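Read off the chains here:
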Amino acid sequence: MTTTNTNSPSPSRARRWAPLLLALGMAAAGAVVVAPMAAQAMPGGPGMMGGHESHFMGRMLDRMLDKVGATEAQRTQIRQIAQLAEADMKAQKEAGRKLRDQGLALMTAPTLDAVAAEALRQQMMARHDQASRRMLQAMLDIGNVLTPEQRTQLAEQMKQHRGMMQHRMGPQGDQRS
């Protein structure tokens, strides 16, 4: 005698919702991955420090500039670039929050709307792309202020930092006790 599970979705229904669920999962994973990168890449970027990230990132920026021997003129230019990028990223953060709220509303609606979900996924991907472009522009602008030697020093510092973080977090990003 064969039993069928009537609670599991039909294969066609599962295939239809798989892209949305994948997109929502990717958006959540992207937020986890991009936030630390943004915080490292752009001083004063968005973070999860209760509003203290600008001060914290400002100190990190100062230490980075100290280690590469930045001149006062370079420091001034880089701080201006970072402040402009920070303002842009704050606006991006709010836009992302609104899109996530829309996604929750879609998923909790009595009837799931695949067309609306796909439209939201596309909006989320466009916002992520816009944020990524803005971060890249800030990094390039900062890189153009630094000399090639300073950029090399900075890259070496970043490698060392990554190595320390991998040691602390383990190969999969799991925090060691």
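You'll find the structure just up there.
Just so you know, these numbers come straight off a predicted model, no measurement behind them.

What counts and what doesn't
Residues numbered from 1 in each chain as written. Predicted model: local features only at pLDDT ≥ 70, side-chain atom pairs only at ≥ 80, totals over all residues. Heavy atoms only, no water. Axes fitted to C-alpha atoms, helices over the stretch in contact; angles between N-to-C directions. Helix = DSSP H or I, 4+ residues; strand = E, 2+ residues; numbered from the N terminus. Parallel < 35°, antiparallel > 145°, perpendicular 65-115°, else oblique. Nonpolar A, V, L, I, M, F, W, Y, C, P; charged D, E, K, R; others polar. Patch = residues over 30% accessible without salt bridge, like charges linked within 9 Å, V, L, I, M, F, W, Y side chains within 5 Å. Areas by Shrake-Rupley, 256 points an atom, 1.4 Å probe, with all protein chains shown as cover. Salt bridge = Lys/Arg side-chain N within 4 Å of Asp/Glu carboxyl O. Expected span 1.5 Å × (residues − 1). Buried < 20%, exposed > 50% of the residue type's maximum accessible area, 1.4 Å probe, protein only. Arc of directions from axis to C-beta.

Caption draft 1: Region of interest: the packing of helix H3 (residues 72–108) against helix H4 (residues 114–145). One way to put it is that H3 packs onto H4 with a least axis distance of 10 Å and a crossing angle of 170°. Regarding the angle of H3 to H4, the classification is roughly antiparallel. Among the residues making up the contact of H3 with H4, the classes are represented as 17 nonpolar, eight polar and five charged.

Caption draft 2: Region of interest: a nonpolar patch on the surface. Judged by side-chain polarity, Leu 136, Met 139 and Leu 140 come together as a nonpolar surface patch covering roughly 270 Å² of accessible area. Within the secondary structure, Leu 140 is located in helix H4.

Caption draft 3: Molecular detail of helix H5 (residues 148–169). Here H5 is 22 residues long and its end C-alpha atoms lie 31 Å apart, about the 32 Å a rise of 1.5 Å per residue gives. Where H5 is concerned, the buried positions are Gln 150, Leu 154 and Gln 157. Looking straight down H5, one finds that the buried residues subtend no more than 60° of arc, so they occupy a single side. Turned more than 90 degrees away from the buried face of H5 sit Glu 149, Thr 152, Arg 162 and His 167, all of them exposed. Phi turns positive, to about 85°, at Gly 170, one or two residues after H5.

Caption draft 4: Just the pattern of salt bridges, in detail. Applying the stated criterion across every chain, the model contains eight salt bridges. In this structure, Arg 79 and Glu 72 form a salt bridge, with 3.9 Å as the shortest nitrogen-oxygen distance. Residue classification places Arg 79 among the partly exposed positions, given a relative accessible area of 29%. A relative accessible area of 53% means that Glu 72 is categorised as exposed. A salt bridge links Glu 86 to Lys 90; the nearest nitrogen and oxygen atoms lie 3.7 Å apart. One end of the pair is Glu 86 and the other is Lys 90, both in helix H3 and four residues apart, which spans about a single turn. Residue Lys 90 is classed as exposed on the basis of its relative accessible area, which comes to 51%. Via salt bridges that share partners, Asp 62, Glu 72 and Arg 79 belong to a single interconnected network.

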